[in-house]
Amino acid sequence: MGRYYLIAGEASGDLHGSNLIRGLLAADPHAEIRCWGGALMAAAGGELVSDYREGAVIGFSQVLLHPRKFAKRLESCKKDILSWEPDAVILIDYPGFNFKIAEFAHKAGFRVFYYIAPKVWASRESRVRKLKEYVDKLFIVFPFEIPYFTSKEVDFIYKGNPLVDAVDNSSAMTKTRKDFLDETGLPDKPIIALLPGSRSGEIASMMPVYMEFADKLHALKEYSDYQFVVAGAPSRSAEDYSGYVGGRDHVRVVFGNSYGVMRHAAAAVVNSGTASLECALLGTPQVVAYRTSTLNYLIARMIIKVRYISLGNLILDKMCFRELLQDYFTAGNLLNEVRRLIEDSEYKERMLAGYSEIRESLGGGGASEAVAKAMVMELGNS
């Protein structure tokens, strides 16, 4: 019987953490699991210590602006780890927080596993040294990471990508469009999906442009019957969106059904991140849009080394779908791109062919269970 302490700091980490917990309990039925995460991890069988929504921030500047809050959560986590004495501390992405925990846990004598590698191949490569020094085993989830971490002599395990299971095993894949409309109360009209991200800073940055775009497209005669559906993040409430949506009859907000919103949409406008890869796996034509503060953007420009910010484009190492970033993220550019996704069948088919390549490169299902088994084996061999 192992004792596992999991730490995730955002919605995607909560999702992957929940699937990992199920895998751990399958591989080690008497496991004890304690976690920092969210409702999904708790529902999967983890004892939830702290909800990630209490400490979510976005970007470099926000961490700098809230140092006391960050430090308080960090110290609370450290004390809880020491008190609980796990056999392994499992860190899930969330590098700003988890690298500090990795150093602490390693020096305190705990085994440290890092699941979903920090994107050191994109920026802050100096963190590779910390991975070598403080992490006993790294569990990577993208095929392009294999040659990178091999060249850096980082000890890793690759068992595929857990998002394939998360998408394919979701209820959205088995329910019909009628089921989806009945569940959400949406009218039977064509859908444009809008995914502005899960953090308050992202919503504040994305939603005004999303609404301007929705108004412009809806004003066109051929799109007057379309509805624009915002996929509400699990960590947010209706009030987080209502101030932006206003009294628009053509815009709806739906919670708890992001995969359904994406799957049944004619096209999606997606904030960069996990959602763009989910959209590819679901097969919905998309455009990635993203804007951050000028300070965050300038910092990012200095440290980010990759050509693309979307995981799907990175996997293919080519542009499968467009990325409208910073000054290019405008209502006019969104309108032109979404119209092309819907009206240009050849353009759409090329994108869907790219999606097939992305899915194939991620391997088959069972990644979460395979990673959990590997973690249990690592503990058994220690």
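Described in the following lines is the structure provided in the data block. Keep in mind that this is a model prediction, so the values were computed, not measured.

The axes of two packed helices give the description: the angle between them and the distance between them. It is at 8 Å that the axes of helix H10 (residues 200–219) and helix H16 (residues 331–343) come closest, and there the two elements cross at 55°. Looking at the two axes, H10 sits oblique to H16. Pair H10 / H16 crosses with right-handed handedness. For the pair H10 and H16, contact is made by Val-209, Tyr-210, Glu-212, Phe-213, Lys-216 and Leu-217 and by Ala-331, Leu-334, Leu-335, Val-338 and Arg-339, respectively. The residue inventory of the contact of H10 with H16, partitioned by class, reads 8 nonpolar, no polar and 3 charged.

With that settled, the discussion passes to the sheet that holds strand E9 (residues 227–232). Spatial strand order, E10-E9-E8-E11-E12-E13: 6 strands in an open sheet with parallel pairing. Across the chains shown, the open sheet's two edge strands, defined by having one partner strand only, are strand E10 (251–255) and strand E13 (323–325). Taken pair by pair, the neighbouring strands of this sheet meet at an average axis angle of 20°, ignoring direction. As judged from the 4 bridges shared by strand E8 (residues 191–195) and E9, these two strands associate in the parallel manner. Along E9, the bridge assignment pairs Leu-194 with Val-230. Along the sheet, H16 contacts E8, strand E11 (267–271), strand E12 (286–290) and E13; its crossing angle with E12, the most-contacted strand, is approximately 165°.

Moving on, we come to the sheet that holds strand E3 (residues 47–51). Taken in spatial order, the 7 strands of this open sheet run E3-E2-E1-E4-E5-E6-E7, and their pairing is parallel. Here the strands that pair on one side only, and so sit at the sheet edges, are E3 and strand E7 (156–158). Neighbour to neighbour, the strand axes of the sheet diverge by 20° on average, direction disregarded. With respect to the sheet, helix H18 (residues 367–381) is in contact with strand E1 (3–8), strand E4 (88–92), strand E5 (111–115), strand E6 (137–140) and E7, its orientation differing from that of E5 by roughly 165°.

A few words on the pairing of E11. Counting buried residues in E11 gives 5 out of 5 residues, a clear majority hidden from the surface. Of the two faces of E11, both are covered, the one formed by Ala-267, Val-269 and Asn-271 as well as the one formed by Ala-268 and Val-270. Pairing geometry for E8 and E11, over 4 bridges, is parallel. What sits directly across from Ala-193, in E11, is Ala-268. Bridging between E11 and E12 involves 4 bridges; their strand directions are parallel. Paired with Asn-271 across the strands is Ala-289, a residue of E12. Handedness of the β-α-β unit built from E11, helix H13 (residues 274–282) and E12 comes out right-handed.

About the criteria used
Residues numbered from 1 in each chain as written. Predicted model: local features only at pLDDT ≥ 70, side-chain atom pairs only at ≥ 80, totals over all residues. Heavy atoms only, no water. Axes fitted to C-alpha atoms, helices over the stretch in contact; angles between N-to-C directions. Helix = DSSP H or I, 4+ residues; strand = E, 2+ residues; numbered from the N terminus. Parallel < 35°, antiparallel > 145°, perpendicular 65-115°, else oblique. Left-handed = near helix turned anticlockwise from the far one by under 90°. Contact = heavy atoms within 4.5 Å. Nonpolar A, V, L, I, M, F, W, Y, C, P; charged D, E, K, R; others polar. Pairing = 2+ DSSP bridges. Buried < 20%, exposed > 50% of the residue type's maximum accessible area, 1.4 Å probe, protein only. Right-handed = clockwise from strand over helix to strand, strands pointing away.

Taken by themselves, the reported measurements are silent on function.
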